[in-house]
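# Descriptive analysis of the structure
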Amino acid sequence: MAANSRCSAAEPAPGLESQRREVECLLRDCELRAGDSWFMVEHRWYTQWKEFVESGDQNSSCPGQIDNGELFEDVVSYHLKDRLVENEDFVLVPAEAWHKLLSWYGLVDQQPPLERKVVDLPSTLKVEVYPVEIFLCLHGNMENVTTAQFSRTDSIQSIQSAICGTFSLPSTCECRLWMKSSDNNCERLRNVHMSVLDACLSSGMTVIMETRNADGTWPSSRPLILRNSVEEQDSYRGQPGVCGLTNLGNTCFMNSALQCLSNTPPLTEYFLQSSYLEELNFSNPLGMKGEIAEAYADVIKQMWSGHHYSVVPRVFKVLPRRAAGRVRPAVLPDACCFCACVQTKVGHFASQFLGYQQHDSQELLSFLLDGLHEDLNRVKNKEYIELRDAEGRPDQEVAEEAWRNHRRRNDSVIVDTFHGLFKSTLICPQCRKVSVTFDPFCYLSIPLPVSKERVMEVFFISLEPYAKPMQHRVVVPKAGKVSDLCLALSEMTNVPDTQMVVADVFKHRFYKIYTPDESLNCILDRDDIFVYECSVQSDQQVLLALYLRERSHYRDYGSVNTTLFGHPLLLSVPRSSCSEEALYQIFLQRLARYVRVPNPSEELEEDDDEEELYKSQTNGISDDDEQEDVARLGPSQSVVCCADGPANDHHQDHAAPSEVQMRPPPPVEGDVHNVCAAKPLSSSDAGPSDGHINARGEESRADVDEENEEAAAAQNDTATEEDCKREEACSPSLPADEQAAKTRACRRKKRLFNIQAVNCNGTEREMGPDVTFNSAQPYVALDWDAETKKRFYNENEAEKYVKHSSMDIPQQQTTVQLQECIQLFTTVETLEEENPWYCPMCKKHQLATKKLDLWSLPEVLIIHLKRFSYTKFTREKLDTIVDFPLRNLDFSGCLLKKKLSNGEPPSRYDLIAVSNHYGGLRDGHYTSYARNKDNGQWYYFDDSKVTYATEEQIMTNAAYVLFYHRQDKMRKPSLSAPSTSSAASTPTSASSTSSPRPSEADAGAASVTPPCADAASAFAELTMETD
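Residues numbered from 1 in each chain as written. Predicted model: local features only at pLDDT ≥ 70, side-chain atom pairs only at ≥ 80, totals over all residues. Heavy atoms only, no water.

Attention now goes to helix α7 (residues 252–262). In terms of burial, α7 is a largely internal element, 11 of the 11 residues being buried. Buried residues of α7: Cys252, Phe253, Met254, Asn255, Ser256, Ala257, Leu258, Gln259, Cys260, Leu261 and Ser262, and no others. (Buried < 20%, exposed > 50% of the residue type's maximum accessible area, 1.4 Å probe, protein only. Helix = DSSP H or I, 4+ residues; strand = E, 2+ residues; numbered from the N terminus.)

Dropping the structure here:
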């Protein structure tokens, strides 16, 4: 189209009548179609031309050249006047009519043609008289602003080209555009193929272009990405790809998966070469409008720029706030546009990854690959394809059909790199119908052989007071019960399993006391399990839980505080009446190994004030309250009283078990001696090894001698105290004042501890005026004051234990070959009841047999080792060592497709990355090993720390996800591997100098600072390491 045609250059015009008919015909028949061009003609000139051609007189007034001067504000900028009205100020003619008029009459010199586009507005088509006028600028120089007009049907790509042309930028530069509205809100213009109308661009808005920095960052997000100072990062030059990822709070699972994908050569090169830009799918409803792909590309380009020690993957982790369905960061791009981000991109795609909880790296990997595939799917409109069964056709034909159908709906770099095909065969057990299908896969989840037995370590507590706890290692069924544990332990100890009680001890108290019928699944390997020997259980016996507490007095505040210490005990005691003194002696006997009874020269005297304070704050049992309690007890109120061993025969009361009361004992000769006497443990009974339950150590013979002396002293002291009571009981009646004085004298002898009824947590429970133990499982605490505990309680002795010979047998680590696991994956299995198969022949669901076989393998094969085992009966993590090859993993024996056509790839693979998991079911830590594609060196990635690794370190029982690359697609490293001397040190200053071993959990990583308000606070927030 000639923009500045002159009258002299115009073609010879046809007759006036012909001109009129041609133009009127075009105006009458031409319809508005979106995207077509129409032209504005000044109304005065058009009216004059119309009169001219209708007159039919060539000599009448000719309109001359087309003149639109009245439509412009000035003849310099040729800016269109505002508020022009159609058919009053101008008329619109279609492009073909305009070209005819222009060829007949020409255009006034220097005037631009007023071409306008037809736009498809909601519910109407309209010629766009006033185009969108937009301000254009660069991110680094926002003061230099130019103005340009664009049609609402123009693409964002045309705006990008206009900015590149205006500011002399190469058209191949990697850039991104931001739309800034009048209220200073900014939004990314992601889809460059979108129209100006669909992007909601309007006149007065500003489009800002930013170009990617050399270190892979964007100027707008640079403060959030850098871990170290800007100056340090700018001066750093390291091996591309050798870059840590900062833990943002329990995100080690994400870091591990990203490191493995980062070191997958075909995928990384695809993003480094920016090939993804032409394949972003913004219309896929299953995707994230390209957000996951762009975020992943940002992280990869930063990691492979060679400019960073480590990268904060928050650009990948966070998603801007969404308001009214549109993405609107809270601040301008040049003021750190991602500071107010609150959601994760992956979390938006898969809500289970929201927040800062610990997750599974394989699950994240699965969702990430799926999200990248949908964002990069080359198929814009997925057609419906009905799947067909094999129906007796050859496997080759069915497999090719299945792969074609898969590619008709799924075509992306993820499919090209990671997708393979396996054959699924289902056989109905009733009609023997065989169903064969070929299904694509992105990774192989292969099972590990699961043992039916389990090794447990427990402490056995004997009834013998002087016997130390003995640690045993027993083998029990995984799906067994607590009774199975007792049976296994019974064979080692010769103690009947019916006299054993199993308990979980945690923080000096019983976390749980198990019944024989409970499953062993609820006991974890890390739990401290104690097995107590008790007397024969009967209706006349009750199991009493015994805690130890230290009492602290606060006289100024009038309060008493208690703290649990030591190891709790379980005692099986008869349901017979006994005195408080007998309770005290029984407990004293049970603790005789590490509690020294004071001799007569060490008599303890009670402090009346202290005793009153204690009684006012607790429910302690004391002599002052004994007579009152006995008087208040009713016939239906029972008290669990205990006596263990032959000495209890002297205290047996023949009352009914339901009338158990606490009362003074009868004056029987020799009962105290029998209660307290116990045979000392000889050195030969100590077992093969000795130690502490908390602090390991050895017991010397001097400790045994000291025990003998303490036992003798205990007998003497107890006899002295009991003699006083018997003398009082047997002496003739005395005057009241003398009797009271003598009673006070005897009572002034202070006990080592007070007996207190408590709940399962070791705290006092309300008992009312009566001292009773009427719960199903009574708990008792022995309260010590600090000074008495220091003098008479031997903490070192209390912590000692011995090891059974079973502990000396080394545990053999189970090792299986990777090929064994793959064979287990391809074995026949029967479907579970929760997942039956609908048989088309039987017309009902059947528990069919299923077999999976590998048909074709991808370029990069991901193998997921199913270490986390979940069944109806067990939940565990398998620590089996899988022996996987680093080179030449051959699948030729596993593939059904035996005949390879010309150009068919081989089936040999080399290892390129491993995702590791350390820990158990409830918590753990993820790391990774990966081979750099440029220099061939192996590295160990532990969040922000990166260290050199050797091939010998890679195979461990923590290996969780394996990445293999097919040998025919691998290229030789372009750089030489680091020298031995350099490999001895860490590759980056952010790395640890220790051997690559992870922490057990993401400790301290759960706390994250709230979003920052400015770039400075954002930088200060992100320089902290959280894991």
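With that settled, the discussion passes to the pairing of strand β20 (residues 509–513). Pairing of strand β19 (residues 500–506) with β20, which is carried by 4 bridges, proceeds in the antiparallel orientation. Along β20, the bridge assignment pairs Ala503 with Ile513. The antiparallel pairing of β19 with β20 creates a hairpin that spans 2 residues between the two strands, and Lys507 there sits at a positive phi of about 55°. (Pairing = 2+ DSSP bridges.)

Before going further, it helps to examine the sheet that holds strand β1 (residues 37–42). If you trace the 4 strands from one edge of the open sheet to the other, you get β2-β1-β3-β4, paired in antiparallel fashion. In the strand order of this sheet, the two ends are held by β2 (90–94) and β4 (124–127), each with one partner. Ignoring strand direction, the axes of neighbouring strands in this sheet form an average angle of 35°. In this sheet, β4 lies alongside strand β3 (residues 115–121) in antiparallel orientation, the contact comprising 4 bridges. Looking across to β4, one finds that Val118 is bridged to Val127. This element, helix α2 (residues 43–55), spans β1 and β2 of the sheet and lies at about 85° to β1. (Axes fitted to C-alpha atoms, helices over the stretch in contact; angles between N-to-C directions. Contact = heavy atoms within 4.5 Å.)

Quick look at a negative patch on the surface now. A grouping of Glu829, Glu832, Glu833 and Glu834 is seen on the molecular surface, where their side chains present a negatively charged patch. In this fold, Glu833 is placed in the loop between β29 (829–830) and β30 (837–839). When its relative accessible area of 62% is taken as the criterion, Glu833 is described as exposed. (Patch = residues over 30% accessible without salt bridge, like charges linked within 9 Å, V, L, I, M, F, W, Y side chains within 5 Å. Areas by Shrake-Rupley, 256 points an atom, 1.4 Å probe, with all protein chains shown as cover. Salt bridge = Lys/Arg side-chain N within 4 Å of Asp/Glu carboxyl O. Lys, Arg positive; Asp, Glu negative; His and termini not counted. Charge placed at Lys NZ, Arg CZ, Asp CG, Glu CD.)

Grouped together as the largest cluster of nonpolar side chains are 50 residues, with contacts concentrated most on Leu261, Phe271, Phe418 and Phe963. If near-sequence neighbours (up to four positions away) are discounted, Phe963 is found in contact with Cys260, Leu261, Thr264, Leu365, Leu861, Ile862, Asp910, Leu911, Ile912 and Ala913. Val501, Phe587, Val597 and Leu782 belong to the second-largest nonpolar core, a separate cluster that totals 44 residues. (Core = buried A, V, L, I, M, F, W, Y, C linked by side-chain atoms within 4.5 Å.)

Strand order in the open sheet formed by 5 strands is β6-β5-β9-β7-β8, and the pairing between neighbours is mixed. Because the sheet does not close on itself, it has two edges, and the strands there are β6 (141–150) and β8 (186–189). In this sheet, neighbouring strand axes are inclined to one another by 30° on average, regardless of whether the strands run parallel or antiparallel. Bridge analysis of strand β7 (residues 175–180) against strand β9 (residues 206–211) gives 6 bridges, and the strand direction is antiparallel. Paired with Arg176 across the strands is Glu210, a residue of β9.

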